[in-house]
Amino acid sequence: MSLNGTHPNADCDDRKGKLLHNIERERRMLMAHPVYTSIRSLDELCIFMRHHAFAVWDFMSLLKALQRTLSCVDVPWIPAGNPNTRRLINDIVMTEEADEDGLGGFTSHFELYLDAMRQAGADTGAIDDFIARIRRREDVGHALDCCAAPPGACRFVNTTFNVISSGELHRIAACFTFGREDVILEMFRNIVEEIRKSNSARIERFIYYLDRHIEVDTDDHGPMALEMVAAICGDSAIKWREAEETAVSAMRSRVQFWDSVVEMIHQHRFGATG
């Protein structure tokens, strides 16, 4: 018990509750986005995938920024960071980098996504060129400019990397938790419901990708990520406020990203029927 008779975790719980309450409006907007009901054909799914591949990629950079800070990745190794957050980050890294591929082997979720794109007939030229440029150590912004990435994807990735470049752990954790892990399950569930209406064998790998994300994230990652944010912010009112600001910004960035996808789908539909 603290000196005032309250449980030592009470203040933390209050801060978490306040943060969740204050970001609820943006979360509802994201959950209700029309992108989840806009995909009506395989061609339109391919448009979505061509954009979304960049978000699948930059998720790993957020994750690696957290892993680098919250655990030891140096040699010689020493224990570092909070064991609970260390477990969260390393568990997510394992599933993201080397998950079951559904074919008896293992693969990263990003590589699985590219497989799904190729099976569906989506154009992987931009994302393939982008990855090749990153392998050559080109700057992320320059690689985006040169690889013909969709403009909405460029804006989204640049926003993510602005957070990463800040080096502020509480902001990175908030972007990861509320811009991604906290909403990704509901986002994927909505998309799955639409995609399952199609019997096309060309989307089997995509559905496996979605189902796998839901399966591995449902029980632990969301709640643990919230605890990670709480542990990083601690008793700092400034960090809690900035984490909330970053969470709101991350969700607004995702909404704008989805807006760009819907716009491209509508352009395709109009051109196909006009």
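Let us look at the structure shown here. (Residues numbered from 1 in each chain as written. Predicted model: local features only at pLDDT ≥ 70, side-chain atom pairs only at ≥ 80, totals over all residues. Heavy atoms only, no water.)

## Looking at the nonpolar core
Logical step 1: Counting residues in each nonpolar core, the largest one holds 88 residues, and the members touching the most others are Phe48, Phe54, Phe130 and Phe206.
Logical step 2: At 17 residues, the largest contribution of residues to this core is made by helix α4 (residues 42-70).
Logical step 3: Not counting residues within four places of it along the chain, the set of residues in contact with phenylalanine 54 comprises Ala126, Ile127, Phe130, Leu144, Cys147, Ala149, Pro150, Ala153 and Val157. (Core = buried A, V, L, I, M, F, W, Y, C linked by side-chain atoms within 4.5 Å. Buried < 20%, exposed > 50% of the residue type's maximum accessible area, 1.4 Å probe, protein only. Helix = DSSP H or I, 4+ residues; strand = E, 2+ residues; numbered from the N terminus. Contact = heavy atoms within 4.5 Å.)

## A look at the environment of valine 248
Logical step 1: Position of valine 248 among the secondary structure elements: in helix α13 (residues 237-273).
Logical step 2: On the basis of relative accessibility, which here comes to 12%, the residue valine 248 falls in the buried class.
Logical step 3: Along the sequence, valine 248 and serine 61 sit 187 residues apart, while their C-alpha atoms lie 20 Å from each other.
Logical step 4: Those residues in contact with valine 248 that lie beyond four places of it in its chain are Ile23 and Glu26.

## Notes on α4
Logical step 1: Between its first and last C-alpha, α4 extends 41 Å over 29 residues, near the 42 Å set by a 1.5 Å rise per residue.
Logical step 2: Along its length, α4 reaches its greatest deviation from straightness, about 35 degrees, at histidine 51.
Logical step 3: Burial runs high along α4: 23 of the 29 residues are buried. (Expected span 1.5 Å × (residues − 1). Bend = angle between axes of the 7 residues up to and from the residue.)

## Details of the packing of aromatic side chains
Logical step 1: Scanning the model with the defined rule gives 10 aromatic pairs in all.
Logical step 2: Seen from their ring centres, phenylalanine 48 and tryptophan 258 are 5.4 Å apart, and the 35 degrees between their planes marks the pair as tilted. In this pair, phenylalanine 48 sits in helix α4 while tryptophan 258 sits in helix α13, placing the two residues 210 residues apart along the sequence. Residues phenylalanine 48 and tryptophan 258 agree in their burial class; the two are buried.
Logical step 3: Through successive ring pairs, a cluster of aromatic residues spans Tyr36, Phe48, Phe156, Phe257 and Trp258. (Phe/Tyr/Trp six-rings, centres within 6.5 Å; stacked < 30°, edge-to-face > 60°.)

## Observations regarding the environment of arginine 241
Logical step 1: With respect to the helices and strands, the residue arginine 241 is situated in helix α13.
Logical step 2: For arginine 241, a relative accessible area of 46% corresponds to the partly exposed category.
Logical step 3: Counting along the chain gives 80 residues from arginine 241 to phenylalanine 161, while the straight-line C-alpha distance between them is 20 Å.

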